[in-house]
Amino acid sequence: MADDFLTLKVTGVTPRLTQNIEAHLGTLPTSEVQRRAFIFNAEDNANAAMHSLGYYHSVIEQQVTENDKGPWALSLKIQAGEPTRVDWVDIHFDGEILDDPFILKWLDQITIKPGDILNHGKYEQIKSQLITIALARGYFDGKYIKSSIEINRDFNSAKITLHYDSGQRYNLGKVTFEGHTLQEGILSELVPFQEKTPYSTSSLSSLNRELLDTSYFSNIKVLPQVDKAQGLEVPIKVELTPRASHSIELGLGADIGNTTESNLEPRISLNWRTPQINSYGHSQETSLEWSPDRPKYLTTYTIPLTHPLDDQLKIRFGMLRDKYGVTQVYDAEDKNFSNTGELEGSKGLIAVIRQQRLKNNWVLNYSVEAMKEYYTQSGIDYSPEFLLFGANISKTTRGDNTLDPKSGFFQYYSIEYADPNLASAIQLTRIQTRYKWIETFFEKHRFVSRLDLGVNLADENDLALIPPSLRYFAGGDQSIRGYSYQELGPYLDYTNDDGELAREVVGGRYLMVGSIEYQYYVTPTWRVGTFIDAGNAFDVNQIEPIVSVGGGIHWISPIGPIKIDLGVGLKETDTVDRPWRIHLTMGTEL
């Protein structure tokens, strides 16, 4: 061990100076030869450490205690003396960099100013920062005309001079792609800049992101060829490695039941992707999920139109079964309703969707969806057909690009229309809007709020013909925590086939659910939270607000937040006892 040969003690200076001195001295010796060299150079190294932080008049007293049977002891007693302070800072530019607003913004952030204690490390950092930024902005011929620190030890003052000549700024030239099998012109649509645009690494990073978002490639190298510049134009070579033709992901999980049943329900999911089917960039994604009560099959075939990412045609085909609400039978002896099951719906659909990314990151979708759903409500079988014409627009604004953003705002607006004259069972207009807001104060205090609103406009006599998948229900980890998924909403009383009084939650025409959550970061990767959820799905004659409260612990993992929350309902409803539930969720909140 190092301290078997020498121990070190530094006194008389601040912890910051002590740390710098120890860094200059280096690791403690592990042999007698190293010990002699360490002691011999200790004073010079300590002086160098003091000079680097602006102390040129320090006095160092070195004392060595030799021991025959133990480590020697080296003591450095230091008087720092008066520090050298910066008298003036002269940063001077020549060349086209004078007109670059990015450089002017960088200048405003420089921390060295007259009156500061001289710090050679900060000076070197500024020098290297300027070179790095200049190269990133395309000033490849830039150089320092003068870079110096002039020190006057008599007056304990220093003058810093940085004179940089950037020369001309280079431009981005032609982009060429290698290693792909796509039609000519498809990838050129992804280039986010024009030829002869001023050079910047941020533009090249944007190109890399666009290529990555297509999911066509497993490896992407965007290489500026400065050595092959023609005049002031830098050609850009992009080396691409296509993804495997197919990828399959298998998932296993379980649900711990709901209010109606508390048994363990297994789940198996399989996701099959073909990122590039042909040279035109077509792709497909198929997901299969199996569970005893909620099997699902969905295939989406994507065709790029005018832009591989910003304009796509999606053809979707699916079949799925889902459960909603709760069904109950009245027990005359107990004078109470007991749960017997849920409202089930089995649906087949085919949809054609055009998705466009507009300016300012708005995403517009308009679609036509044909669907048929089978369900039994109040003992009557239904199988209405619908042709839904829809449009929605959404926008997500993030304060940062992390998986756990410190701030952000999401907004979504949707309208769908069906009409008997256009191959639908009834006339129906569905309007929905959703919002989510995130803001963090003082680094550790994070607030998350959301609001979901929805309305179905239809004739009173046609309500039973609105399929359960188009009605509104509440409950679940993205709605009102403490209640099961989609178990809350208006209900109907009826007499079943056995002549018993029965009750069934059938969903509502209206939805209003809101939430506010406070989260506190205990460490950068762990936080605790507490929340209030409120609202419900409503009908004209059944308006029953529900409130739940709770809290949880969240781990900010490398793949996004993993949250365990406990929700407790504050009231019983006509169909649900006052419940509590544990919710496990994964993924970003925005």
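Residues numbered from 1 in each chain as written. Predicted model: local features only at pLDDT ≥ 70, side-chain atom pairs only at ≥ 80, totals over all residues. Heavy atoms only, no water.

### Regarding the sheet that holds strand S4 (residues 85–94)
- Strands sit in the order S4-S6-S5 across an open sheet of three strands; the sheet is mixed. Of all the strands in the sheet, just S4 and strand S5 (143–152) have a single pairing partner and so form its edges. Each neighbouring strand pair of the sheet contributes to a mean axis angle of 5°, computed without reference to strand direction.
- The pairing of S4 with strand S6 (residues 157–165) spans nine bridges and is classified as parallel. Note that in S6 the partner of phenylalanine 93 across the bridge is tyrosine 164. (Pairing = 2+ DSSP bridges. Helix = DSSP H or I, 4+ residues; strand = E, 2+ residues; numbered from the N terminus. Axes fitted to C-alpha atoms, helices over the stretch in contact; angles between N-to-C directions.)

### Describing the pattern of salt bridges
- Taken as a whole and assessed by the stated rule, the structure comprises 30 salt bridges.
- In this structure, glutamate 249 engages arginine 273 in a salt bridge whose closest nitrogen and oxygen atoms are separated by 3.1 Å. On the criterion of sequence distance, the pair formed by glutamate 249 in strand S11 (residues 247–255) and arginine 273 in strand S12 (residues 265–274) is long-range, its members being 24 residues apart.
- The exposure class assigned to arginine 273 is partly exposed, which follows from its relative accessible area of 29%.
- Here glutamate 517 makes a salt bridge to arginine 481, at a shortest N to O gap of 3.2 Å. Here the residue glutamate 517 occupies a position in strand S25 (residues 510–523), and arginine 481 occupies one in the loop between strand S22 (445–457) and strand S23 (491–495), the gap between them amounting to 36 residues. Accessibility classification places glutamate 517 together with arginine 481 in one group, the buried group. (Salt bridge = Lys/Arg side-chain N within 4 Å of Asp/Glu carboxyl O. Buried < 20%, exposed > 50% of the residue type's maximum accessible area, 1.4 Å probe, protein only.)

### A few points about the nonpolar core
- Ranked by size, the top nonpolar core spans 23 residues in total, and within it Leu211 and Val238 carry the most contacts.
- Elements represented by at least two residues in this core include exactly strand S7 (171–178), helix H5 (201–213), strand S9 (217–224) and strand S10 (233–242).
- If you tally residues by element for this core, the top one is S10, at four residues.
- Filtering out sequence-adjacent residues up to four positions away, leucine 211 remains in contact with Phe177, Leu187, Leu190, Phe217, Ile220, Val238 and Leu240.
- One finds Leu17, Tyr55, Ile60 and Leu74 within the second-largest nonpolar core, a separate group that totals 20 residues. (Core = buried A, V, L, I, M, F, W, Y, C linked by side-chain atoms within 4.5 Å. Contact = heavy atoms within 4.5 Å.)

### Thoughts on helix H2 (residues 32–52)
- A rise of 1.5 Å per residue sets the reference length of H2, with its 21 residues, at 30 Å; its end C-alpha atoms lie 29 Å apart and thus fit the reference within 8%.
- In the structure, H2 departs most strongly from a straight axis at alanine 42, where the bend amounts to approximately 50°.
- The complete set of buried residues in H2 reads Arg35, Phe38, Ile39, Ala42, Ala46, Ala49, Met50 and Ser52.
- Those residues of H2 that are buried lie in contact with strand S1 (6–11), helix H1 (15–25), strand S2 (59–65), strand S3 (72–79) and helix H4 (120–136).
- Positive backbone phi, at 90°, marks glycine 54, one or two positions downstream of H2. (Expected span 1.5 Å × (residues − 1). Bend = angle between axes of the 7 residues up to and from the residue.)

### Some details on unusual backbone geometry
- In this structure, serine 215 is a non-glycine residue whose phi angle is positive, near 65°.
- By the element assignment, serine 215 lies in the loop between H5 and S9.
- Looking at serine 215, the relative accessible area reads 35%, which means it is partly exposed.
- Although it is not a glycine, phenylalanine 442 sits at a positive phi angle of roughly 55°.
- Along the chain, phenylalanine 442 falls in the loop between strand S21 (428–441) and S22.
- Looking at phenylalanine 442, the relative accessible area reads 76%, which means it is exposed.

### A closer look at the sheet that holds strand S8 (residues 197–198)
- Strands sit in the order S8-S7-S10-S9 across an open sheet of four strands; the sheet is mixed. With one partner strand each, in any of the chains shown, S8 and S9 form the two edges of the open sheet.
- Across two bridges, the pairing between S7 and S8 is antiparallel. Opposite leucine 172, over in S8, you have threonine 197 as the bridge partner.
- Those strands touched by H5 are S7, S9 and S10, and its axis lies near 160° from that of S9.

### Structural notes on the pairing of strand S14 (residues 296–307)
- Sheet topology note: the strand S13 (residues 283–290)/S14 ladder contains seven bridges and is antiparallel. Residue pairing for S14: glutamine 284 is matched across the bridge by tyrosine 301.
- Between S13 and S14, which pair antiparallel in sequence order, lie five residues.
- Sheet analysis places S14 next to strand S15 (residues 311–331), joined by ten bridges and oriented antiparallel.

### Observations concerning the packing of H1 against H2
- Between H1 and H2, the least distance of the axes is 8 Å, while the angle of their chain directions is 135°. In terms of orientation, H1 lies oblique with respect to H2. When you trace H1 past H2, the crossing you get is right-handed. In contact with Leu17, Asn20, Ile21, His24 and Leu25 of H1, H2 contributes Phe38, Ala42, Asn45, Ala46, Ala48, Ala49, Met50 and Ser52.
- Per-class residue counts for the contact of H1 with H2 are nine nonpolar, four polar and no charged. (Parallel < 35°, antiparallel > 145°, perpendicular 65-115°, else oblique. Left-handed = near helix turned anticlockwise from the far one by under 90°. Nonpolar A, V, L, I, M, F, W, Y, C, P; charged D, E, K, R; others polar.)

### Overview of the side chain of glutamine 486
- If you trace the backbone, glutamine 486 turns up in the loop between S22 and S23.
- By relative accessible area, glutamine 486 is classed as buried at 13%.
- Ignoring anything within four residues of it in the chain, the contact list for glutamine 486 reads Asp322, Lys323, Tyr324, Gly325, Phe473, Ala474 and Gly475.

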